[in-house]
Amino acid sequence: MSSRIEDYALIGDGETTALVSRDGSIDWLCWPRFDSPACFAAMLGTPEHGRWVISSTEQPVRTTRRYRPGTLILETDIQTTEGLVTVTDFMPARQGASNLVRTVAGREGQVSMRTELVLRFDYGSVVPWVTRLRGEPGIMAVAGPDLVVMRSTVPLRGEQLKTTGEFTVGAGESVEFVLSYGASHQAPPPAIDPEAVLQTTEASWRRWSAQCQHTGEWAEEVRQSHIILKALTHAPTGAIVAAPTTSLPEQIGGTRNWDYRYCWLRDATFALMSLMNAGYYEEAAAWREWLLRAAAGNPGDLQIMYGLSGERRLPEWEVAWLPGYEGSQPVRVGNAAHQQLQLDVFGEVMDAFHQARKGGVAGNEASWALQRTLVTTLESIWQSPDEGIWEIRGPRQNFTHSKVMAWVAIDRAVRAVEEFGLTGPLQRWRQLRARIHADICENGYNTELGSFVQAYGTKQLDASLLLLPIVGFLPASDPRIRGTLDAIEKRLVIEDTFVLRYDTLEGMDGLPPGEGAFLACSFWLVDNLVLQGRIQEARALFERLLAIRNDVGLLAEEYDPRGKRQVGNFPQAFSHLALANTARNLSASVHPASQRAE
């Protein structure tokens, strides 16, 4: 069985990531990109589907781990009855090839260790041909287009289609392993100096994380979340993946298992606004250029998500030979939701451009031309039903949040003209903004419930309604906003902490019922409490949410309060950006009478 989701830590090189379990097993790694087929897929199956273990030969007395401050360099201390070692795992930024470095340093006594490498390309289905390296210690594994080299002075041997080895590390000694990926038609990747690239990697991460401008309460938690967002950013293109995994279930044993290794415009724009709030404007500029490339051609055909290089076709298929995380099937690759209509992405993209201008990121003619095209498209479709923020696989509806974000898109276009002097049909846009606002207030609000509702003509609630005051649709002091918050607290909050997206028992999303609580929604609840001036309640709730992070500060997409465990893809950009935003809001103790969240 795979480790619990929260027992994994993340390492990465800006183009892909690996998940390392507490017991030293790398159970998930896609090479060479986030969305490439996995060569370690044990997380969604068994050890036979690929993993790499470095562990002590005896059961540890104690295992503790941490990231080096301001970095994504993982250190794991393994204490045994015979001694203490530290395993350091990291992936340096690429200088050609992609490398995964693991070192074992002796601290006390003498510890017997072992390594087991099980390479299985194409999501665990392909066993490679393994040979010895020529002229240096190590092995080379080849299958189809993929080539992986393992270099180490530890004697390695083949054993039942695995590569294994045993070694002993004493105090002051160090053993190093470097796993490198390359194309099989090219020469093997060159050897690297593990100690030198460790120093370079640490310095690079620390320079980047030191730029974080949040210095208030929870500064370390905010910095850590931004490091995760940076790790989920594809350095060559600027795309930000929603998560580095696929098919980790939203309910253990359930079917809500999706591939998140792509760039959702919604998630990416939220992540960018969080990064910009912390002073990381270089990422904003890179993402803007990525978006212009992805939307090139006919920007009116804007998709909700793209591949890392802007790929538009992300066909969804099921990996039949993988049994799924703790038996949660199916395992999916690709995502059919890329063909959905989700009106809210128009608002999120327009808001991201607006926040970038406010932050001093210079625009250009192409970016404003794209925005005008998006507004023109929205003018003709804003009244259409859609699949909404939660990507339902049932019938389209007139979701209230979607309409609100259509209003946001027009509002930000109006403000671009009013505040930044850009050209556009200001009067027409103002009239459309007022029309959409009135339509939402008439059809998205239920007077009987005293609350806005999930969709026009329904009585169902939805946690996305917590965003209405945050995006500036209505002030937090408006009785309709207070009524909505009250209704959500009564019907969607469980265990006084966790917020459900909506009631899945209603069957409106076309899927079997049941999932965990969506963590971003819980942070939105904190934001709303802040806006209402309920600061002490907000702080207490925020601290409870921080407490469910794992030992190295990571959060999945959802949390199962009954099973007391994280569920869903991991780590999730949405959860971490929401954490960072809420920490800033709480630190500032923003009151609705003095400032409206936008």
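Refer to the structure above for everything that follows.
In this text the structure is predicted, and so the values were computed from the model without any measurement.

Here we come to the state of the cysteines. Enumeration according to the criterion identifies zero disulfides in this entry. There is no disulfide at C39, and the cysteine sulfur nearest it, in C30, is 7.6 Å away. The exposure class assigned to C39 is buried, which follows from its relative accessible area of 2%.

Here we take up the nonpolar core. Counting residues in each nonpolar core, the largest one holds 193 residues, and the members touching the most others are W52, L100, M113, W287 and F473. Per-element accounting of this core gives the leading share, eleven residues, to helix α8 (residues 400-420). With residues up to four places along the chain from it excluded, the contact list for M113 reads I54, S55, S56, T57, I78, V85, V87, V104, G165, E166, F167 and V169. Counting six residues, the second largest nonpolar core, distinct from the first, contains I73, V101, V178 and V197.

So, about the packing of helix α2 (residues 194-209) against helix α3 (residues 219-231). Angle between the axes and distance between the axes are the two parameters that describe a pair of packed helices. Where α2 meets α3, the closest approach of the two axes is 10 Å, and the angle between their N-to-C directions is 120°. As for how α2 packs across α3, the hand of that crossing is right-handed. Two secondary-structure elements touch here, α2 through W205, W208 and S209 and α3 through R223, H226, I227, K230 and A231.

This part covers the pattern of salt bridges. Counted according to the given criterion, the structure contains 47 salt bridges. The partner of D35 in a salt bridge is R33, and the shortest N-O contact between them spans 2.8 Å. Taking the relative accessible area as the measure of exposure, D35 reaches 17% and is therefore buried. Given a relative accessible area of 18%, R33 falls into the buried group. Ionic pairing is found between E316 and R332, a salt bridge with its closest N-O pair at 3.3 Å. Taken as a pair, E316 in the loop between β17 (305-306) and β18 (317-318) and R332 in strand β19 (residues 332-333) lie far apart in primary sequence, 16 residues in all. Within the structure, one salt-bridge network assembled from shared partners comprises R66, R68, E75, D77, E202 and R206.

Cut-off values and rules
Residues numbered from 1 in each chain as written. Predicted model: local features only at pLDDT ≥ 70, side-chain atom pairs only at ≥ 80, totals over all residues. Heavy atoms only, no water. Disulfide = S-S within 2.5 Å. Buried < 20%, exposed > 50% of the residue type's maximum accessible area, 1.4 Å probe, protein only. Core = buried A, V, L, I, M, F, W, Y, C linked by side-chain atoms within 4.5 Å. Helix = DSSP H or I, 4+ residues; strand = E, 2+ residues; numbered from the N terminus. Contact = heavy atoms within 4.5 Å. Axes fitted to C-alpha atoms, helices over the stretch in contact; angles between N-to-C directions. Left-handed = near helix turned anticlockwise from the far one by under 90°. Salt bridge = Lys/Arg side-chain N within 4 Å of Asp/Glu carboxyl O.

Keep in mind these values describe shape, not function.
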